[in-house]
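The residues making up each chain are set out below.
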Amino acid sequence: MTTLLVRNAAVLVTMDDHRREIPDGGLFISDGFIQNVGSSSELPNSADRVLDLSGYVLLPGLVNTHHHFYQTLTRAVPAAQNANLFYWLKTLYPIWARMRPEDIRISTRTALAELALSGCTTASDHLYLFPNSSRLDDEIQSAAQIGLRLHASRGSMSLGESKGGLPPDSVVEDEETILKESQRLIETYHDPEPGSMVQIVLAPCSPFSVTPELMVQSAELAREYGVRLHTHLAETKDEEEFCQQKFGYRPVAYMETLNWTGEDVWFAHSVYVNENEIELYKQTGCGVAHCPSSNMRLASGTAPVMNMLRKGVRVGLGVDGSASNDGSHMLEEVRQAMLLARLDAGLKGASLSIKNAPPLMTARQALEIATRGGAAVLGRSDIGSLEAGKCADFFAVNLNRLGYAGGLHDPVAALVFCAPVIADYTVVAGKIIVEGSRLKTWDQDLLIEEHNKAAAALLS
């Protein structure tokens, strides 16, 4: 039995059902699970390792519900800098088609290192193209080297240009191969138990890159094995028009026809959804991965997140791919979610002096989306809050920083309102992944060098 005692945190944010924030708080951890949470005086006096977090804010690990790790290789590509989604994809598909298995491995390590340094402890990744013998196994094995929990989505594209889809035929697969590989991955890697480090998700890419038949068959396979379903949906006006012209439905209604609604389904983006569609999400239990930075970067629009939350829709946060965000900083994404929601409210007439005006998202609401919300979207009851019996996943930030000077009236809110920082500690299953704002599980400097070489080769 390995134990860890964390004590003396200036504020411990539990995100439990009562949203307790405990001054002088701490945790006692055994074999990766929290045994006790409370004020430091209530905890045991010793453990195999003791962390004194005097002057730190301690929070549940952030949960990233949508990402494309491989896109760290194509940040800020000049030809894709000033394009909306469809033109952006058309520019990048041929570059991504040159990726090799080693590129998948390197980019996975880079993305997860960035996430860990920003307080993230669980990440869902959507890998949907597999050129040159690449496999999802490459990502899963590399993720284990960094040490974050991974929801590995076996993405797919089967609707190439020759059949009326968006991606070139060179990056699509035949549907028999996709389904056979999906089954193999579930049987090989999926662990549904509390504390699991790897879960498999089936994730046909989008309405404009897969056939209706693959969507239906993927849903049937996922439900046979009890794994979750994920796809992009209602991200742009272009997608909405594509669905109406090709299938005769708006994107959400199209999902209904394919049996792609339910508590085991979550959609990335959902920018262009109306009141009835949000109500459908609530009634069927569909979740949403909100990706504010990507939506701004690609000029996609603003998702009606506050409306979803008011109606009880499960909403999590996603950094999306690093070619449409150019970073994987979860704490920054929390801030962006809050600010974009406030901009949206302002455009809809928000004012503290106007009765029934749209409410402003608070810092704590944004943090809740990134913790409890993300856990709910991924269907996990063992993460997202700091409570006895749950996974020992957390991060801590030292408040003694120039950027927080003058903001300690409310340290928890300061984490969101003030400029994003690197976490001082990130812990997953009781294991220290980041300490002193440095990655402990991989050589950071070597990773940067390897990644830059791989990225340069890809674009040469």
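Cut-off values and rules
Residues numbered from 1 in each chain as written. Predicted model: local features only at pLDDT ≥ 70, side-chain atom pairs only at ≥ 80, totals over all residues. Heavy atoms only, no water. Helix = DSSP H or I, 4+ residues; strand = E, 2+ residues; numbered from the N terminus. Contact = heavy atoms within 4.5 Å. Lys, Arg positive; Asp, Glu negative; His and termini not counted. Charge placed at Lys NZ, Arg CZ, Asp CG, Glu CD. Buried < 20%, exposed > 50% of the residue type's maximum accessible area, 1.4 Å probe, protein only. Arc of directions from axis to C-beta. Salt bridge = Lys/Arg side-chain N within 4 Å of Asp/Glu carboxyl O. Polar contact = N/O pair within 3.5 Å; in protein donor to acceptor, adjacent residues only side chain to side chain. Phe/Tyr/Trp six-rings, centres within 6.5 Å; stacked < 30°, edge-to-face > 60°. Pairing = 2+ DSSP bridges.

Colleague: Please set out the overall build of the protein residue by residue, giving values where relevant.
Modeller: Helix and strand counts for the protein come out as 14 helices and 17 strands. By principal-axis analysis of the C-alpha atoms, the protein measures approximately 65 × 55 × 45 Å. Pairs at least 24 residues apart make up 74% of the contacts formed inside the protein by residues separated by at least 6 positions. A distance of 3 Å separates the average location of the 39 positive side-chain charges in the protein from that of its 55 negative side-chain charges.

Colleague: Kindly report on helix H6 (residues 237-246), identifying the contributing residues and their values.
Modeller: By the burial criterion, the buried members of H6 are Glu239, Glu240, Phe242 and Cys243. Seen along its axis, H6 keeps its buried residues to an arc of 160 degrees; they face one direction. Those residues of H6 that are buried are in contact with helix H1 (85-96), strand E10 (228-233) and helix H7 (251-257). Gly248 sits one or two residues past H6 and shows a positive phi near 80 degrees.

Colleague: An account of the pattern of salt bridges is requested, with residue identities and associated values reported.
Modeller: Tallied over the full model, the rule gives 31 salt bridges. In this structure, the salt-bridge partner of Glu435 is Arg49, at a minimum N-O distance of 2.6 Å. A residue pair is termed long-range when its members are at least 10 positions apart, and Glu435 in strand E16 (residues 431-435) and Arg49 in strand E4 (residues 49-52) qualify at 386 residues. By relative accessible area, Arg49 is classed as partly exposed at 35%. Note that Glu240 is salt-bridged to Arg250, the shortest N-O span being 3.3 Å. Of this pair, Glu240 sits in helix H6 while Arg250 sits in the loop between H6 and H7, and the two are 10 residues apart along the sequence. Judged by relative accessible area, which is 24%, Arg250 ranks as partly exposed. Connected through salt bridges with shared partners, the residues Glu102, Arg105, Arg109 and Asp138 form a single ionic network.

Colleague: Could you give me a rundown of the environment of Lys390, with the residues and numbers involved?
Modeller: Within the secondary structure, Lys390 is located in the loop between helix H12 (363-377) and strand E14 (394-398). With a relative accessible area of 17%, Lys390 lands in the buried category. Residues Lys390 and Ile34, 356 residues apart in the sequence, show an inter-C-alpha distance of 5.6 Å. Contact partners of Lys390, with chain neighbours within four places excluded, come to Phe33, Ile34, Ser381, Asp382, Ile383 and Ser385. Among the polar contacts listed, one links the side chain of Lys390 to the backbone oxygen of Ser381, at a separation of 3.4 Å.

Colleague: Provide a residue-level description of the packing of aromatic side chains, including the pertinent values.
Modeller: Across all of its chains, the model carries 10 aromatic pairs by this definition. Seen in terms of ring centroids, Phe208 and Phe242 are 6.4 Å apart; in terms of plane orientation they differ by 80 degrees. Their pairing is edge-to-face. With Phe208 in the loop between strand E9 (198-204) and helix H5 (212-225) and Phe242 in helix H6, this residue pair connects regions lying 34 residues apart in the sequence. Judged by relative accessible area, Phe208 falls into the buried class, the value being 3%. For Phe242, a relative accessible area of 15% translates into the label buried. Geometrically, the ring pair formed by Phe247 and Tyr254 is stacked, given 4.0 Å between the ring centres and 5 degrees between the ring planes.

Colleague: Before we move on, can you summarise the pairing of strand E2 (residues 21-30) with the specific residues and values?
Modeller: Of all 10 residues making up E2, 7 are buried, and the element is well covered by its neighbours. Note: strand E1 (residues 3-13) against E2, 8 bridges, orientation antiparallel. For Leu4, the partnering residue across the bridge sits in E2 and is Ile29. Between the end of E2 and the start of strand E3 (residues 33-39), which pair antiparallel, lie 2 residues, with Asp31 showing a positive phi angle near 50 degrees.

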